[in-house]
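What follows is the residue order along each chain.
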Amino acid sequence: MAVGKEIRGKIKSVENTKKITKAMEMVAASKMRKAQERMRAARPYADKVRNITAHLGEANPEYKSPYMRDVLKAGGGTKAVGFIVVTTDKGLCGGLNTNVLRAVTTKMKEVQAAGGTIQVVAIGNKGFGFMNRIGANVISHAVQLGDAPQLDKLIGPVKVMLDAFVAGKLDAVHLCYTKFVNTMKQEPMVEPLLPLSAARLEQTAAEKSQYGWDYLYEPDAPTVIDELLTRYIEALVYQAVAENMASEQSARMVAMKAATDNAGNLINELKLIYNKTRQAAITKELSEIVGGAAAV
């Protein structure tokens, strides 16, 4: 029964794996709800900053922030592009990271084919490791954000990219992350972050037309507008990280459920093989006994 012993060992091993995947599925389900609440809680802040900035922009139409400069008109083309790539710190979440990194790689190839250069800010271990493996120019990174990301850990890496854009070293910046749609669906996104489009700040035009806005500035209007736009961009990046974490927990829950189901199917198959092997061994022994008795 050496074969039967090996099969029993495999069954025991798969059962232990099934316990682990089941526990990870339940933990991911719990974390997913908290991540979704955190994602929804981050939206009002970004909306309020956008509204205030839109009001200030309407009150000061003569000033145009460097974050909103028209690169194509001023420089004749996009030559240097920055990518803020948001991925997870841990694996076991299906094809979540693979999908977004594939989309980022496709966009990078388009930029390089047009003769442009690439700079990357990696948020998350998986993206950081991937960018290093393909030889991308990683100028900053943030890893080990935990289950509850803090904005102060993101400000530093994001500021490096913002300063490069303001200084004219970058013509555009793209934000790459996985958008949370629902528990079963997450979409990889590669969105233009800088220069800020006027459409984003004109979404509240109907609201602005209903009121007369008057502000007192300290020290002056351009400084206040630039600071508010900086806060707005940081809020967009934080929102992307929150969306990515909600997507991560959802994808992990689905992946671990599939792994648990597959482990259960494999256990059933191994038990069937074990029972067949055991029955064959018993039948063989009975046949030998009957054959021996007949010979006597």
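Residues numbered from 1 in each chain as written. Predicted model: local features only at pLDDT ≥ 70, side-chain atom pairs only at ≥ 80, totals over all residues. Heavy atoms only, no water.

### What to know about the nonpolar core
I84, I123, L193 and L194 are the most contacted members of the largest nonpolar core, which has 37 residues in total. Put simply, the parts of the chain that give this core at least two residues each are α1 (2-59), β1 (80-86), β2 (117-123), α5 (151-166), β4 (172-182), β5 (185-194) and α8 (221-295). Sort the elements by how many residues they give to this core and α8 lands first, with 11 residues. (Core = buried A, V, L, I, M, F, W, Y, C linked by side-chain atoms within 4.5 Å. Buried < 20%, exposed > 50% of the residue type's maximum accessible area, 1.4 Å probe, protein only. Helix = DSSP H or I, 4+ residues; strand = E, 2+ residues; numbered from the N terminus.)

### Let's talk about the pattern of salt bridges
Scanning the entire structure with this criterion turns up 10 salt bridges. Between D163 and K159 there is a salt bridge, and its shortest N-O distance comes to 2.9 Å. Of the two residues, D163 and K159 are both situated in helix α5; the distance of four residues between them amounts to about one turn of the helix. Among the residues examined, D163 registers a relative accessible area of 39% and is labelled partly exposed. The closest approach of N and O atoms between E187 and K185, which form a salt bridge, is 3.5 Å. Since its relative accessible area comes to 28%, E187 is described here as partly exposed. One continuous salt-bridge network, built from bridges that share partners, spans E227, R231 and E234. (Salt bridge = Lys/Arg side-chain N within 4 Å of Asp/Glu carboxyl O.)

### Regarding the side chain of Q239
Counting through the fold element by element, Q239 comes out in helix α8. Not counting residues up to four positions away in its chain, the partners in contact with Q239 are M39, A42 and R43. (Contact = heavy atoms within 4.5 Å.)

### A short note on the packing of helix α3 (residues 96-113) against helix α4 (residues 125-133)
Viewed as axis vectors pointing N to C, α3 and α4 meet at an angle of 40 degrees, and their least axial separation amounts to 11 Å. Relative to α4, α3 is oriented oblique. Crossing angle aside, the handedness with which α3 passes α4 is right-handed. On α4, the residues that touch N97, L101, V104, T105 and M108 of α3 are K126, G127, F130 and M131. Looking at the contact of α3 with α4 residue by residue, the classes come out as five nonpolar, three polar and one charged. (Axes fitted to C-alpha atoms, helices over the stretch in contact; angles between N-to-C directions. Parallel < 35°, antiparallel > 145°, perpendicular 65-115°, else oblique. Left-handed = near helix turned anticlockwise from the far one by under 90°. Nonpolar A, V, L, I, M, F, W, Y, C, P; charged D, E, K, R; others polar.)

### Things to note about α4
Residues of α4 that are buried: G127, F130 and M131. For α4, the angular spread of the buried residues around the axis is 95 degrees, confining them to a single face. Looking at the buried positions of α4, the neighbouring elements they touch are β1, α3, β2 and β3 (138-142). One or two residues past the end of α4 sits G135, with phi positive at roughly 80 degrees. (Arc of directions from axis to C-beta.)

### Regarding unusual backbone geometry
Residue L194 is joined to P195 through a cis peptide bond whose omega torsion reads -5 degrees. Looking at the secondary structure, you find P195 in the loop between β5 and α6 (198-201). Located in the positive-phi region is L92, a residue other than glycine, with phi close to 60 degrees. The residue Q144 is not glycine, and still its phi comes out positive at about 55 degrees. With respect to the helices, strands and loops of the structure, Q144 is situated in the loop between β3 and α5.

### Structural notes on the confidence of the model for the chain
For the chain, the average pLDDT comes to 84, and 90% of its residues sit at 70 or higher. Averaged over each element, pLDDT in the chain is lowest for helix α2 (residues 71-75) (46) and highest for β1 (93). Predicted confidence for residues 72-76 stays below pLDDT 50, and this span has three contacts to residues more than four positions away or in other chains. (pLDDT = per-residue confidence, 0-100.)

### Observations regarding the packing of α5 against α8
At a minimum axis distance of 10 Å, the contact between α5 and α8 shows a crossing angle of 120 degrees. The angle between α5 and α8 falls in the class oblique. Here the hand of the crossing between α5 and α8 comes out right-handed. Every residue of α8 that contacts α5 at L151, L154, I155, V158 and L162 is listed here: T230, I233, E234, V237, Y238 and V241.

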